[in-house]
Amino acid sequence: MLSATYDSQRFTPSFDEDIILVERFLGNDQEAFQTLYERYHDKVLAIARGILLDAEEAHDAVQEIFTLVFRNLHRFDRRSKFSTWLFRIAVNRSIQQARTGKIRKLQVPLAEAFEHPAPEESESSADPFIAEAMAKLHPADRALLTLFYWDELSLQEIADSLDCSANAAKTRLFRARERFRQQYEEVSE
Amino acid sequence: MKVPPELDDLMWKLAETDDPQALEEFGDRYPDFRQEMAQRLRMVRNLKGAKPSAKVDRFVPKAEVVPYAEPTPKWMVPAAIFMGVVSIAFATYAVTTFAQSQARQEPPVAQNSQQQPPTTPSDDDYLKKDRSTLDPNDPGQVPAQPTNPNPGVASQVPPAFKIRVTVRGTDVSLMQMLQSVAAQAGIQLEIPPGFVDQRINCDYQNSEALAVMQDMGRNFGFSAFVQGDRTVLLIPARSPDPDTSERPSSGSSSPASGGDNVLPPVN
């Protein structure tokens with residue numbers, strides 16, 4: 001009885017439609033993962049680009065993030081939405097990469113960097129002050145702004161992605177936004 | 001211009017919703033902040049517009065991926081700081097306690113490491129021996145003082161004190177007998193104030209000078225401490241364990257009837 005209650009609580013099926021794709025992939029349908037990849041590529045790229053700032057590093061990070069998901073999808077416990085789980089991995093992985101970014105940059109030869117240019121991106125805005133102001137922020141602040149302004153997640157979704165409460169996410173977002181405003185005004189003056 | 005907090009929040013919301021009608025109403029209501037609102041609107045628009053997008057290719061898993069490191073649990077950082085502080089405090093306490101216990105050590109009265117032959121255990125040897133048994137965590141533990149069963153007899157006696165002397169007398173002055181021993185051995189007596197002279201009977205024949213003085217000390221109430229190659233300090237006190245001291249090979253002494261005299265120091 002108890003185990004049945006526990007199981008029902010733990011494995012309550014989510015109505016997240018991504019779950020169907022996840023189940024199909026775990027049932028050996030490789031196309032299901034391609035669908036997930038296409039659905040979330042831009043959002044994950046936005047997170048990686050927002051945190052890492054560098055286009056090439058961001059594309060590299062996206063490939064790594066999806067490879068991690070591809071290999072570890074059986075560990076997804078379905079207690080949260082698939083997108084939340086994916087964004088949490090994306091944020092943590094990108095911040096982890098941002099911390100070691102300088103070392104990696106030094107290790108990559110210049111010629112190799114030119115051989116593998118970043119894929120073309122379409123950026124509607126050419127405001128150079130945005131990138132400059134973002135570069136002056138902490139990667140965690142950049143992650144918050146990215147999730148809110150680029151991926152347009154709700155505060156609860158941001159909280160789930162960052163593994164904190166909604167109130168904490170709100171406070172942190174407001175602080176990050178204010179710091180961004182200060183940096184933006186500073187660089188644009 | 002300083003923006004009030006409630007207005008600041010409103011301006012962020014308007015900039016994020018980008019509703020023309022709401023923006024128009026805000027401009028009419030707060031004309032002083034119209035410029036600030038326009039600037040913030042432009043900033044948010046540009047930030048949103050900076051979102052990258054790229055052509056999505058077919059997914060191909062990477063051959064090598066750096067293992068994913070889970071973020072450190074939140075409790076780990078304060079726990080690590082706490083453990084570090086505790087470790088530093090414990091180390092400081094242990095070092096301080098050890099230094100204090102070392103400072104409390106006093107050298108034995110009759111030990112003079114500078115004047116001892118190399119084979120004589122020095123004060124440092126005593127200290128090292130005692131330190132090895134110390135518990136540095138016990139602040140109340142005071143290391144035991146190095147003990148010498150017979151402080152007047154060093155393990156290695158300077159040669160002058162081994163010179164054999166002969167003193168004999170009946171109802172003679174103790175001081176005179178000691179000076180006689182010192183004169184024969186060529187050593188110098190150091191006698192502190194308060195040393196009591198007395199009339200004694202003694203008969204030491206061909207005995208080592210130091211042994212004669214120590215035997216007299218046991219009988220007449222003083223201790224003889226070797227202070228150097230040719231100096232002996234006589235203190236009016238008995239040796240802690242007379243039985244362990246070497247007795248002269250031949251000779252005897254005993255108090256004689258007569259009055260006591262207090263002697264001045266003799267150099």
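Residues numbered from 1 in each chain as written. Chains lettered and ligands numbered in written order. Predicted model: local features only at pLDDT ≥ 70, side-chain atom pairs only at ≥ 80, totals over all residues. Heavy atoms only, no water.

Caption draft 1: Looking closely at the pattern of salt bridges. All names here are of chain A. Evaluated as defined, the whole model comprises 22 salt bridges over all chains. Residues E23 and R78 are paired through a salt bridge, measuring 2.8 Å at the closest nitrogen-oxygen approach. Here E23, found in helix 2 (residues 18–26), pairs with R78, found in the loop between helix 4 (55–72) and helix 5 (82–99); they are 55 residues apart in sequence, far enough to count as distant. Judged by relative accessible area, which is 39%, E23 ranks as partly exposed. (Salt bridge = Lys/Arg side-chain N within 4 Å of Asp/Glu carboxyl O. Helix = DSSP H or I, 4+ residues; strand = E, 2+ residues; numbered from the N terminus. Buried < 20%, exposed > 50% of the residue type's maximum accessible area, 1.4 Å probe, protein only.)

Caption draft 2: A look at the interface of chain A and chain B. Contact with chain A, which involves 46 residues of that partner, is made by 34 residues of chain B. For the pair chain A and chain B, the two sides together bury roughly 3600 Å², of which 57% comes from carbon and sulfur. Contact with chain B buries area across many residues of chain A, yet Y149, W150 and R177 of chain A alone supply 17% of it, more than any other trio. For E31 of chain A, the salt bridge is made with R58 of chain B, and the minimal N-O distance between the two is 2.2 Å. Summed over the shared surface of chain A and chain B, the number is eight residue pairs in polar contact (both at pLDDT 80 or more). Broken down by secondary-structure element, the contributors of at least two residues to the side of chain A that touches chain B are helix 3 (30–52), helix 4, helix 5, helix 8 (128–135), helix 9 (139–150) and helix 11 (166–188) of chain A. Per-element tally for the side of chain A that touches chain B: the top contributor is helix 3 of chain A, with 10 residues. Of the residues that constitute the side of chain A that touches chain B, the class distribution is 17 nonpolar, 10 polar and 19 charged. (Contact = heavy atoms within 4.5 Å. Buried area = accessible area lost by both parts, 1.4 Å probe. Polar contact = N/O pair within 3.5 Å; in protein donor to acceptor, adjacent residues only side chain to side chain. Nonpolar A, V, L, I, M, F, W, Y, C, P; charged D, E, K, R; others polar.)

Caption draft 3: Highlighting the confidence of the model for chain A. All names here are of chain A. Scored by pLDDT, chain A comes out at a mean of 81, with 78% of its residues at no less than 70. Averaged over each element, pLDDT in chain A is lowest for helix 1 (residues 2–10) (39) and highest for helix 9 (93). Taken as a whole, residues 106–120 scores under 50 in pLDDT and shows 10 contacts with residues more than four places along the chain or in a different chain. (pLDDT = per-residue confidence, 0-100.)

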